[in-house]
Amino acid sequence: MSDLVFGPVPSRRLGSSIGINNIPPKNCSYACVYCQLGKAIKMDADRKAFYAPREVINAVKERVRIAESNGDEIDYLTFVPDGEATLDLHLGEIIEGLKPLNQKLAIITNSSLIDRADVREELMQLDLVSLKVDAITGSVWRKTDHPHRALELNRILEGIELFAGQYLGKLITETMLIEGYNDQTSELNLLADFIGTINPHTAYISIPTRSPARKDVKPAAEETINRAYQIFSSKIRRVEYLVGHEGNAFAHTGDTRSDLLSITAVHPMRADSVKAFLEKDGEDWSLVQELIDDGALLETFYNGYHFYVRKLKQKNQF
């Protein structure tokens, strides 16, 4: 269960969210330069069966039961795995199986497969959909997101427009700004024009707040972020920054080691969050050191803070 579901964790977009990890690490259609989970282990653009739907559904049901028994608030059950959630051929079946829980369902997707009618149909069943839109120009998109070679940006943008025109739930977008990659004024204007046409509930402007895949990647400068906000605000009804720390309101199941590894597998934790997490369970820092010594947890340093992330097995793949 611990590998398939985690939380509730505090989310900057979703409040208190139980995460659904329906993709093995790290199967993705993109290899974004800023990814917080490191380099892609396996890149793919075809949908496949990964976990048995009933296995995922039961794991989520059990985590909801534990959260409710602990009095933890649940705002969303969110598909936010180690890779791209829509690669899961069984996504629709899992969504249907979670409906009886009467919890709001959400997904955070990189939008790469949204040109497919089956993917759009499945996303229609969710209460909230977060779409990544990092670039409008092909060369900028390839440089920033490193898409699988089978993907076409024009088809993706057309799919986003089709979906947004029919979707009745809460649609949000996220644009990650990287210095020297997609932060040019011309690209910001194109992004604002496109996002404005799909009229999301909120358009988030974000920067990396955790260690990215490439060490030379830097968040856009403050003046650039401000310029992006002004450009976006002139064409989009609601724009917000997405640059803050989530806080320390992590949930506990009683198994501190398992909980810590589950969360850090998809949600790297800052040192102060880990400390507060341990104190709530009556544990000390020796548990973290033990996980580091065992090779299960990795300590990283980024932007003045220490972060802890579950170490993923890397393979020579590219």
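Because the structure is a prediction, the values reported are computed rather than measured. (Residues numbered from 1 in each chain as written. Predicted model: local features only at pLDDT ≥ 70, side-chain atom pairs only at ≥ 80, totals over all residues. Heavy atoms only, no water.)

A closer look at the overall build of the protein chain
Counting secondary structure elements, the protein chain contains 10 helices and 13 strands. For 318 residues, the compact-globule formula gives about 20 Å, and the C-alpha radius of gyration of the protein chain, at 19 Å, lands near that figure. With the C-alpha coordinates aligned to their principal axes, the bounding extent of the protein chain is approximately 50 × 45 × 40 Å. Here the protein chain holds 318 residues, and 56% of them are scored as buried. Pairs at least 24 apart in sequence give 75% of the contacts found in the protein chain among residues at least 6 apart. Of the roughly 13,700 Å² that the protein chain leaves accessible, carbon and sulfur atoms contribute 47%. Taking the average place of the 37 positive charges on the side chains of the protein chain and the average place of its 45 negative ones, the gap between the two points comes to 3 Å. (Helix = DSSP H or I, 4+ residues; strand = E, 2+ residues; numbered from the N terminus. Rg over C-alpha atoms; globule rule 2.2 N^0.38 Å. Buried < 20%, exposed > 50% of the residue type's maximum accessible area, 1.4 Å probe, protein only. Contact = heavy atoms within 4.5 Å. Areas by Shrake-Rupley, 256 points an atom, 1.4 Å probe, with all protein chains shown as cover. Lys, Arg positive; Asp, Glu negative; His and termini not counted. Charge placed at Lys NZ, Arg CZ, Asp CG, Glu CD.)

So, the packing of helix H1 (residues 53-69) against helix H2 (residues 91-98)
H2 packs onto H1 with a crossing angle of 35 degrees between their chain directions and a minimal axis gap of 9 Å. Our pair here, H1 against H2, has a crossing hand that is right-handed. Contacts from Pro53, Val56, Ile57, Val60 and Lys61 of H1 reach H2 at Glu93, Ile94, Gly97 and Leu98. Looking at side-chain class alone, the contact of H1 with H2 contains six nonpolar, one polar and two charged residues. (Axes fitted to C-alpha atoms, helices over the stretch in contact; angles between N-to-C directions. Left-handed = near helix turned anticlockwise from the far one by under 90°. Nonpolar A, V, L, I, M, F, W, Y, C, P; charged D, E, K, R; others polar.)

What about the pattern of salt bridges?
All chains considered together, the criterion is met by 13 salt bridges. Linking Lys132 and Asp134 is a salt bridge whose minimum nitrogen-to-oxygen distance equals 3.3 Å. Of the two residues examined, Lys132 and Asp134, each falls in the buried class. Asp272 is the partner of Arg270 in a salt bridge, and the nearest nitrogen-oxygen pair spans 3.0 Å. Classification of Arg270 by relative accessible area gives buried; the value is 14%. You can call Asp272 partly exposed: its relative accessible area is 34%. (Salt bridge = Lys/Arg side-chain N within 4 Å of Asp/Glu carboxyl O.)

Section: the pairing of strand S8 (residues 170-176)
Regular strands have side chains that alternate between both faces of the sheet. Taken across its seven residues, S8 has six buried, putting it largely inside the fold. As paired strands, strand S7 (residues 128-132) and S8 are joined by five bridges and run parallel to one another. What sits directly across from Lys132, in S8, is Glu174. With five bridges joining them, S8 and strand S9 (residues 202-206) adopt parallel strand pairing. Across the sheet, residue Thr173 finds its bridge partner in S9, namely Ala203. (Pairing = 2+ DSSP bridges.)

Overview of the confidence of the model for the protein chain
In the predicted model, the protein chain carries a mean pLDDT of 88, and the fraction of residues at 70 or more is 90%. Predicted confidence for residues 313-318 stays below pLDDT 50, and this span has 12 contacts to residues more than four positions away or in other chains. (pLDDT = per-residue confidence, 0-100.)

Brief notes about the sheet that holds strand S1 (residues 5-11)
Sheet strands associate in pairs through backbone hydrogen bonding, adopting either a parallel or an antiparallel arrangement. Pairing is mixed across the open sheet formed by eight strands, whose spatial order is S1-S2-S5-S6-S7-S8-S9-S10. With one partner strand each, in any of the chains shown, S1 and strand S10 (239-242) form the two edges of the open sheet. Strand-to-strand twist across the sheet, computed as the mean angle between neighbouring axes with direction ignored, equals 25 degrees. In the packing of helix H6 (residues 185-198) onto the sheet, the strands contacted are S8 and S9, and the crossing angle to S8 comes to about 170 degrees.

Some words on unusual backbone geometry
Along the chain, Gly7 connects to Pro8 via a cis peptide bond; the corresponding omega equals 10 degrees. For Pro8, the location among the structural elements is in strand S1. Unlike most non-glycine residues, Ser111 shows phi in positive territory, near 75 degrees. Here Ser111 lies in the loop between strand S6 (105-109) and helix H3 (117-123). For His146, which is not a glycine, the phi torsion comes out positive at approximately 45 degrees. Note on placement: His146 falls in the loop between helix H4 (138-145) and helix H5 (153-166).

Here we look at the packing of aromatic side chains
Scanning the model with the defined rule gives four aromatic pairs in all. On the basis of an interplanar angle of 50 degrees and a centroid distance of 5.3 Å, the ring pair of Tyr229 and Tyr241 is categorised as tilted. In this pair, Tyr229 sits in helix H7 (residues 222-233) while Tyr241 sits in strand S10, placing the two residues 12 residues apart along the sequence. The partly exposed category is assigned to Tyr229, whose relative accessible area is 28%. The exposure class assigned to Tyr241 is partly exposed, which follows from its relative accessible area of 37%. Where Trp285 meets Tyr308, the ring centres are 5.4 Å apart and the plane angle is 80 degrees; that geometry is what we call edge-to-face. Of this pair, Trp285 sits in the loop between helix H9 (271-280) and helix H10 (286-293) while Tyr308 sits in strand S13 (residues 305-310); the two residues are 23 residues apart in sequence, bridging distant segments of the chain. The ring of Tyr181 carries Lys143 above its face, with NZ or CZ at 5.0 Å from the centroid. (Phe/Tyr/Trp six-rings, centres within 6.5 Å; stacked < 30°, edge-to-face > 60°. Lys NZ or Arg CZ within 6 Å of the ring centre and 35° of its normal.)

So, the nonpolar core
Soluble, globular proteins show a tendency: their nonpolar side chains are buried together. Ranked by internal contacts, the top residues of the largest apolar core, which has 72 residues, are Phe79, Val129 and Ile160. Sequence-distant contacts of Val129, defined by excluding residues within four places in its chain, comprise Ile107, Thr109, Leu123, Phe163, Tyr167, Lys170, Leu171 and Ile172. Counting residues in hydrophobic clusters, the runner-up holds 15 residues, among them Val9, Leu261, Ile263 and Val288. (Core = buried A, V, L, I, M, F, W, Y, C linked by side-chain atoms within 4.5 Å.)

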